[in-house]
Amino acid sequence: MHNDSRRLIAAVERSVDHKLDVEVFNDRLTMQKGCYILNSWGYGPKYKFSLYIRGPYSRDLASDYYKIGKLDNTDTDVPEEAITRLKEIFDKGIGYAEAYATVLLVKNNSPGASYDSIYKRSLELKPNLTKEVEEASALLLT
């Protein structure tokens, strides 16, 4: 297990204003998306993520999360500014967070790809989130 996993997960919890529960599916999705976004912004520990049905997924992060279980008042070394930015993403809804993380994953795995190719691939992956993919693409790809 990564030593600072608790601190990364604590940052995600702070961004959604509630304790995440490893037994709740949507909380696990939130944790995966939040940690991926924070990793993309340079906050660690770093995990390897792959494309998954509901957005980026890390098997190692999932394993660490199950080992950790619920956090009790864990501090984080992720700056408040990053937590606030992540909160703004989650405040737009879980669908937007999923689209944002997916566009970010496609972009990060397609260096030099055009706006159109990243946007189209993201829409192919998330056809039910057209509006959210458009909004996330406009923010991340311009």
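Before reading further, recall that the structure is shown in the block above.
What comes next is a walk through the structure.

### Digging into the packing of helix H1 (residues 5–16) against helix H4 (residues 80–91)
Where H1 contacts H4, the two axes come as close as 8 Å, and the packing angle between them is 55°. Here H4 runs oblique to H1, going by the angle between their axes. Considering how the two elements wind past one another, H1 and H4 form a crossing that is right-handed. Taking contact as the criterion, the partners of Ala11, Val12, Arg14, Ser15 and Val16 in H1 are, on H4, Glu80, Ile83, Leu86, Lys87 and Phe90. When its residues are assigned to classes, the contact of H1 with H4 shows six nonpolar, one polar and three charged.

### Quick look at the side chain of Gln32
With respect to the helices, strands and loops of the structure, Gln32 is situated in helix H2 (residues 25–40). On the basis of relative accessible area, Gln32 is assigned to the buried category, the value being 6%. Engagement of the side chain of Gln32 in a polar contact is seen with the backbone nitrogen of Ser58, the distance being 2.8 Å. Among residues more than four places away in sequence, those in contact with Gln32 are Phe49, Pro56, Tyr57, Ser58, Leu61 and Ala62.

### Examining the pattern of salt bridges
One pass over the full model with this rule turns up seven salt bridges. A salt bridge links Lys19 to Glu13; the shortest N-O distance between them is 3.6 Å. By relative accessible area, Glu13 is classed as buried at 6%. Notably, a salt bridge pairs Asp17 with Lys87, separated by 2.8 Å at the nearest N-O pair. Remark: Lys87 occurs in helix H4 and Asp17 occurs in the loop between H1 and H2; sequence separation between them is 70 residues. The exposure class of Asp17 is exposed, given its relative accessible area of 52%.

### Thoughts on H4
An ideal rise of 1.5 Å per residue puts 16 Å on twelve residues; H4 measures up with 16 Å between its terminal C-alpha atoms. Along H4, the residues that are buried comprise Ala82, Ile83, Leu86, Ile89 and Phe90. All buried residues of H4 fall inside an arc of 115° around its axis, so they share one side. Exposed side chains of H4 directed beyond 90 degrees from the buried face belong to Glu81 and Asp91. Considering only its buried residues, H4 is in contact with H1, H2 and helix H5 (94–108). Of the residues one or two after H4, Gly93 is the one with positive phi, at around 110°.

### Topic: the nonpolar core
Among the nonpolar cores identified, the biggest contains 41 residues, and Cys35, Ile37, Leu38, Trp41 and Tyr100 are the most heavily contacted of them. Those elements giving two or more residues to this core turn out to be H1, H2, helix H3 (59–68), H4, H5, helix H6 (115–125) and helix H7 (130–140). The element that contributes the greatest number of residues to this core is H5, accounting for nine residues. Ignoring any residue separated from it by four or fewer positions in sequence, one finds Ile37 in contact with Leu86, Ile89, Tyr100, Ala101 and Leu104.

Cut-offs and rules
- Residues numbered from 1 in each chain as written.
- Predicted model: local features only at pLDDT ≥ 70, side-chain atom pairs only at ≥ 80, totals over all residues.
- Heavy atoms only, no water.
- Axes fitted to C-alpha atoms, helices over the stretch in contact; angles between N-to-C directions.
- Helix = DSSP H or I, 4+ residues; strand = E, 2+ residues; numbered from the N terminus.
- Parallel < 35°, antiparallel > 145°, perpendicular 65-115°, else oblique.
- Left-handed = near helix turned anticlockwise from the far one by under 90°.
- Contact = heavy atoms within 4.5 Å.
- Nonpolar A, V, L, I, M, F, W, Y, C, P; charged D, E, K, R; others polar.
- Buried < 20%, exposed > 50% of the residue type's maximum accessible area, 1.4 Å probe, protein only.
- Polar contact = N/O pair within 3.5 Å; in protein donor to acceptor, adjacent residues only side chain to side chain.
- Salt bridge = Lys/Arg side-chain N within 4 Å of Asp/Glu carboxyl O.
- Expected span 1.5 Å × (residues − 1).
- Arc of directions from axis to C-beta.
- Core = buried A, V, L, I, M, F, W, Y, C linked by side-chain atoms within 4.5 Å.

Read these as layout, nothing more, since geometry by itself doesn't imply function.
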